[in-house]
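# Working through the structure, step by step
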Amino acid sequence: FNSSALSAKEKNELNMLAKSLKSDNVSAVKIVGFADEIGNEGYNDKLSMKRANTVAAYLRNKGIKVNGNAEIRGLGESSSVSDCEGKTGAALRACLWQDRRVEVEIVE
């Protein structure tokens, strides 16, 4: 919540992804960050972009070329995957965890 930092688990998942991308000789990836609906739209747009850039930087540090052919963007709160109707406060924040994510897509 309210962060673009990577956890140890997320770093491990990105390490496995980087290894796979290297072995498959992938030349382009699309990295898209998301945020939940809490907060204003402008802030969430910036936060989702920070999340995408954090993942892109991490993959670059692992030797993945995330320049040139890559698409890096943030979609803010516009693509919710959570159904949290009627929840408020801490329950809402917990329910929205799936909206706080970054997706990495291999571009063929």
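Residues numbered from 1 in each chain as written. Predicted model: local features only at pLDDT ≥ 70, side-chain atom pairs only at ≥ 80, totals over all residues. Heavy atoms only, no water.

Moving on, we get to the packing of helix H1 (residues 8–23) against helix H2 (residues 41–61). Two elements in contact, H1 and H2, have axes separated by 10 Å at closest approach and are oriented at 55 degrees. Our classification of the angle between H1 and H2 gives oblique. In the packing of H1 onto H2, the handedness of the crossing is right-handed. Packed against H1, whose contacting residues are Lys11, Leu14, Asn15, Leu17 and Ala18, the element H2 presents Val55, Tyr58 and Leu59 at the interface. The class makeup of the residues in the contact of H1 with H2 is 6 nonpolar, 1 polar and 1 charged. (Axes fitted to C-alpha atoms, helices over the stretch in contact; angles between N-to-C directions. Helix = DSSP H or I, 4+ residues; strand = E, 2+ residues; numbered from the N terminus. Parallel < 35°, antiparallel > 145°, perpendicular 65-115°, else oblique. Left-handed = near helix turned anticlockwise from the far one by under 90°. Contact = heavy atoms within 4.5 Å. Nonpolar A, V, L, I, M, F, W, Y, C, P; charged D, E, K, R; others polar.)

To find leftover empty space, a probe the size of one water molecule is rolled over the atoms. Reported here for the largest pocket is a volume of approximately 560 Å³. Along the wall of the largest pocket there are 19 residues; nearest its centre are Leu6, Glu10, Arg100, Arg101 and Val102. Going through the elements one at a time, H1, H2 and strand S3 (102–106) are the ones with two or more residues in the lining of the largest pocket. Taken together, the residues of the lining of the largest pocket sort by class into 9 nonpolar, 4 polar and 6 charged. (1 Å grid on protein atoms, 1.4 Å probe; cavity = no way out; pocket = protein on both sides within 12 Å on 5 of 7 lines; lining within 4 Å. Points joined across faces, edges and corners; volume = space filled by probe spheres on them.)

Trans peptide bonds make up most of the peptide bonds, and negative phi angles are found at most residues other than glycine. At Asn2, a position not held by glycine, the phi torsion is positive, near 60 degrees. With respect to the helices and strands, the residue Asn2 is situated in the segment before H1. Residue Asn2 is classed as partly exposed on the basis of its relative accessible area of 44%. (Buried < 20%, exposed > 50% of the residue type's maximum accessible area, 1.4 Å probe, protein only.)

Let us now look at the confidence of the model for the protein chain. Parts of the prediction with low pLDDT should not have their coordinates interpreted in detail. Summing up the model confidence of the protein chain, the mean pLDDT is 86 and the portion of residues at 70 or higher is 94%. Ranking the helices and strands of the protein chain by mean pLDDT puts H1 first, with 93, and strand S2 (residues 71–74) last, with 75. (pLDDT = per-residue confidence, 0-100.)

What follows covers the packing of aromatic side chains. All chains considered together, the criterion is met by 0 aromatic pairs. Of note, Arg93 hangs over the ring of Phe1, and the distance from its end group to the ring centre comes to 4.3 Å. One residue, Arg101, lies across the ring of Phe34, its end atom 3.8 Å from the ring centre. (Phe/Tyr/Trp six-rings, centres within 6.5 Å; stacked < 30°, edge-to-face > 60°. Lys NZ or Arg CZ within 6 Å of the ring centre and 35° of its normal.)

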